[in-house]
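# Geometric and topological summary
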Amino acid sequence: MRKLWLALTDRRLKAALNALRGSGTGLGDLVKDPAGAPDFFRPLRSALRKASGAPPSLPACAQAQAAAEDFTARLEKFFSDLALHGTPPDAAAMQALLCLQKACGEAGGLLSPWGGAPALAVIRGLSAGARKTLSQAAGAAAASAGDFPQNLKFSSIYSGLDAIFDAYERCAEALYRSQS
């Protein structure tokens, strides 16, 4: 019980969890207006930076906070790049973003002593499904003899999303370890 209480009162852990939840909630708006990414992520990243000065109650809390910083930075860059190139997400990217949104919704369950393992399993399943979709789409883009600049652009979009899932999974695993 003491570990759970420490995890719930750790500022790093709270900031990491809020970054995941907030990002998941805002994904739909960011798809519609990717240029709003810097304004959307500024408060989340600020909270993560402020929390980094707090002493962690558990090592996993510091790891979760660091992974959440990486996650939000990569997600902000992804949407900023979409805005810069004027490229809306294609079907594969949208599918991956939907998986990410669902995975972010599962983040709170990672702190439950009884629900942490099932939440982590759901997150890993969503991540694996998104990665499979992104891998297939990247392979199709690379094999296409058509519009090379467009294929290259989408290849970088897919690799960016894959890196976002890497950061998300690191954060989710650290959140899960914080309660065990």
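Use the structure listed above.
Just so it is clear, the structure is predicted and the values come from calculations on it, not from any experiment.

Calculation rules
Residues numbered from 1 in each chain as written. Predicted model: local features only at pLDDT ≥ 70, side-chain atom pairs only at ≥ 80, totals over all residues. Heavy atoms only, no water. Helix = DSSP H or I, 4+ residues; strand = E, 2+ residues; numbered from the N terminus. Buried < 20%, exposed > 50% of the residue type's maximum accessible area, 1.4 Å probe, protein only. Contact = heavy atoms within 4.5 Å. Core = buried A, V, L, I, M, F, W, Y, C linked by side-chain atoms within 4.5 Å. Disulfide = S-S within 2.5 Å. Salt bridge = Lys/Arg side-chain N within 4 Å of Asp/Glu carboxyl O. Axes fitted to C-alpha atoms, helices over the stretch in contact; angles between N-to-C directions. Parallel < 35°, antiparallel > 145°, perpendicular 65-115°, else oblique. Left-handed = near helix turned anticlockwise from the far one by under 90°. Nonpolar A, V, L, I, M, F, W, Y, C, P; charged D, E, K, R; others polar. Polar contact = N/O pair within 3.5 Å; in protein donor to acceptor, adjacent residues only side chain to side chain. Phe/Tyr/Trp six-rings, centres within 6.5 Å; stacked < 30°, edge-to-face > 60°.

Within the chain, the secondary structure is distributed over 7 helices and 0 strands. Reading the chain from its N end, one meets helices and strands in the order α-α-α-α-α-α-α. When each of the 180 residues of the chain is scored for burial, the buried share is 44%. Sequence separation of 24 or more characterises 81% of the internal contacts of the chain that already satisfy a separation of 6 or more.

Considering soluble globular proteins, one finds that nonpolar side chains tend to be buried as a cluster. By size, the foremost hydrophobic cluster in this structure holds 53 residues, and its most contacted members are Phe71, Phe79, Leu100, Leu161, Tyr168 and Leu175. Looking at which element gives the most residues to this core, the answer is helix H7 (residues 148–179), with 11 residues.

Within the secondary structure, Ala137 is located in helix H6 (residues 116–143). For the pair formed by Ala137 and Ala92, sequence separation is 45 residues and the distance between their alpha carbons is 6.4 Å. In this structure Ala137 touches Ala92 and Tyr158, once residues within four positions along its chain are discounted.

Here Leu30 is to be found in helix H2 (residues 11–32). Look at Leu30 and you get buried, because its relative accessible area is 3%. Sequence separation between Leu30 and Ala83 is 53 residues; the distance between their C-alpha atoms is 9.9 Å. Those residues in contact with Leu30 that lie beyond four places of it in its chain are Gly36, Ala37, Phe40, Phe41 and Phe79.

Scanning the model with the defined rule gives 0 disulfides in all. The thiol of Cys104 is not disulfide-bonded; the next cysteine sulfur, from Cys171, is found 9.1 Å away. Classification of Cys104 by relative accessible area gives buried; the value is 2%. By relative accessible area, Cys171 is classed as buried at 0%.

Another point: the pattern of salt bridges. Should their charged atoms come close, side chains of opposite charge can pair. Summed over the entire model, instances satisfying the criterion amount to 9 salt bridges. With a closest N to O distance of 3.0 Å, Arg74 and Asp70 form a salt bridge. One end of the pair is Arg74 and the other is Asp70, both in helix H4 (residues 59–85) and 4 residues apart, which spans about a single turn. Each of Arg131, Asp162, Asp166 and Glu169 takes part in a single network of salt bridges with overlapping partners.

This part is about the packing of H2 against H4. In a packed pair of helices, the relevant descriptors are the angle between the two axes and the axis-to-axis distance. Between H2 and H4, the least distance of the axes is 8 Å, while the angle of their chain directions is 20 degrees. Here H4 runs roughly parallel to H2, going by the angle between their axes. Between H2 and H4 lies a crossing whose hand is left-handed. Seen from H2, the contacting residues are Arg12, Leu13, Ala16, Ala19, Leu20, Ser23, Leu27, Leu30 and Val31; seen from H4, they are Cys61, Ala62, Ala64, Gln65, Ala68, Phe71, Thr72, Leu75 and Phe79. Counted by class, the contact of H2 with H4 contains 14 nonpolar, 3 polar and 1 charged residues.

A word on the side chain of Gln65. Within the fold, Gln65 resides in helix H4. For Gln65, a relative accessible area of 4% corresponds to the buried category. Only 2.6 Å separates the side chain of Gln65 from the side chain of Glu69, close enough to count as a polar contact. The contact partners of Gln65, leaving out residues within four places of it in the chain, are Arg12, Ala16, Leu48 and Ser52.

Turning next to the packing of aromatic side chains. Tallying each qualifying case throughout the model produces 3 aromatic pairs. A ring pair is formed by Phe40 and Phe41, whose centres lie 5.0 Å apart and whose planes are at 90 degrees; its orientation type is edge-to-face. In this structure Phe40 comes out as partly exposed when scored by relative accessible area, which is 26%. The exposure class of Phe41 is buried, given its relative accessible area of 0%.

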